[in-house]
Amino acid sequence: MTAPTASLRRCVCPGSYDPVTHGHLDVVHRATELFDEVVVAVLTNPAKPGLFTPAERIDLLEASLDGAPRVRIAEVSGALLVDFCRAVEAVAVVKGLRSGTDFAYELPMALMNRHLTGLETVFLPGDPRLEHVSSSLVKEVAGLGGDVTGLVPDVVRDRLLDRLAERRGERGA
Ligand code: PNS
């Protein structure tokens, strides 16, 4: 009898990441403790361009993850998450939950993904210190002159301030 081959357990952390926050990074780093490899999937909806392009979101993720071992980043456009997970042979999706509101938003997607291909979702409780941190609130606060230091990596904060200034026509694109 041949010994069973140890198979690599891979998960996918999907999201818009427009832009990545410390909340996202906490979930990705914790997922690496549970799985052999983590694929951070940047899912984009062409109908919702967002503040950063997919390439910019990936750049910011790369800068923020700073070569974290066993983590790779991929862009997914015009495809179901379950099909991407099948293509990369991921055994689960990992998502963070900050609140009951997040759970209400995530549960139908988790159930739909399980319905479609049997893909399981693992929910990690968000770090309570980051409960108030979301990409949309970070963009809103920064856009109205608030300080988002500590909510996103400094490289993201600086790029966000540049982008918002560009949008207001204060700096060259
Ligand atoms: O960061 P977000 O915007 O909350 O992430 C939501 C996302 C991108 C993970 C979700 O919308 C998604 O999985 N989109 C991919 C298309 C898909 O598979 N849709 C069916 C989900 S049940």
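Heads up: the structure comes first, above all this text.
Residues numbered from 1 in each chain as written. Predicted model: local features only at pLDDT ≥ 70, side-chain atom pairs only at ≥ 80, totals over all residues. Heavy atoms only, no water.

A. Looking closely at the pairing of strand β3 (residues 71-77). Inspection of the sheet shows strand β2 (residues 37-44) paired to β3 by seven bridges, in the parallel sense. Looking at β3, one finds that Thr44 is bridged to Ser77. Running through helix α2 (residues 54-65), the crossover from β2 to the neighbouring parallel element β3 is right-handed. (Pairing = 2+ DSSP bridges. Helix = DSSP H or I, 4+ residues; strand = E, 2+ residues; numbered from the N terminus. Right-handed = clockwise from strand over helix to strand, strands pointing away.)

B. Molecular detail of α2. Over its twelve residues, α2 extends 16 Å from the first C-alpha to the last, a length consistent with the 16 Å expected when each residue adds 1.5 Å. For α2, the full list of buried residues reads Glu56, Arg57, Ile58, Leu60, Leu61, Ser64 and Leu65. Lining the buried residues of α2 we find α1 (22-34), β2, β3 and α6 (154-167). Positive phi shows up at Asp66, right after α2, with a value of about 50 degrees. (Expected span 1.5 Å × (residues − 1). Buried < 20%, exposed > 50% of the residue type's maximum accessible area, 1.4 Å probe, protein only. Contact = heavy atoms within 4.5 Å.)

C. Examining the layout of surface pockets more closely. By volume, the largest pocket amounts to about 1,500 Å³. In terms of lining, the largest pocket is formed by 50 residues, of which the most central are Gly15, Ser16, Lys95, Tyr105 and Glu106. Contributions of two or more residues to the lining of the largest pocket are made by β1 (10-15), α1, β2, β4 (92-97), α4 (100-117), β5 (120-125) and α5 (135-143). For the lining of the largest pocket, the element with the most residues is α4, which contributes nine residues. In terms of residue class, the lining of the largest pocket is made up of 21 nonpolar, 18 polar and eleven charged. (1 Å grid on protein atoms, 1.4 Å probe; cavity = no way out; pocket = protein on both sides within 12 Å on 5 of 7 lines; lining within 4 Å. Points joined across faces, edges and corners; volume = space filled by probe spheres on them. Nonpolar A, V, L, I, M, F, W, Y, C, P; charged D, E, K, R; others polar.)

D. Highlighting the site of the ligand. Taken together, the residues surrounding the ligand are Pro14, Gly15, Ser16, Leu43, Ala79, Leu80, Leu81, Lys95, Tyr105, Met109, Met112 and Asn113. Between the ligand and Ser16, the relevant distance is 2.5 Å, taken from an oxygen atom to a side-chain nitrogen or oxygen of the residue. Note that an oxygen atom of the ligand is positioned 2.8 Å from one of the backbone N or O atoms of Leu81. When each cavity is represented as a set of grid points, the ligand is found to reside in the largest pocket. When contributions to the shell around the ligand are tallied by element, the ones reaching two or more residues are β1 and α4. When residues in the shell around the ligand are grouped by element, the largest group, four residues, is from α4. (Near = heavy atom within 4 Å. Polar contact = N/O pair within 3.5 Å; in protein donor to acceptor, adjacent residues only side chain to side chain. Sits in = over half its atoms within 2 Å of the grid points.)

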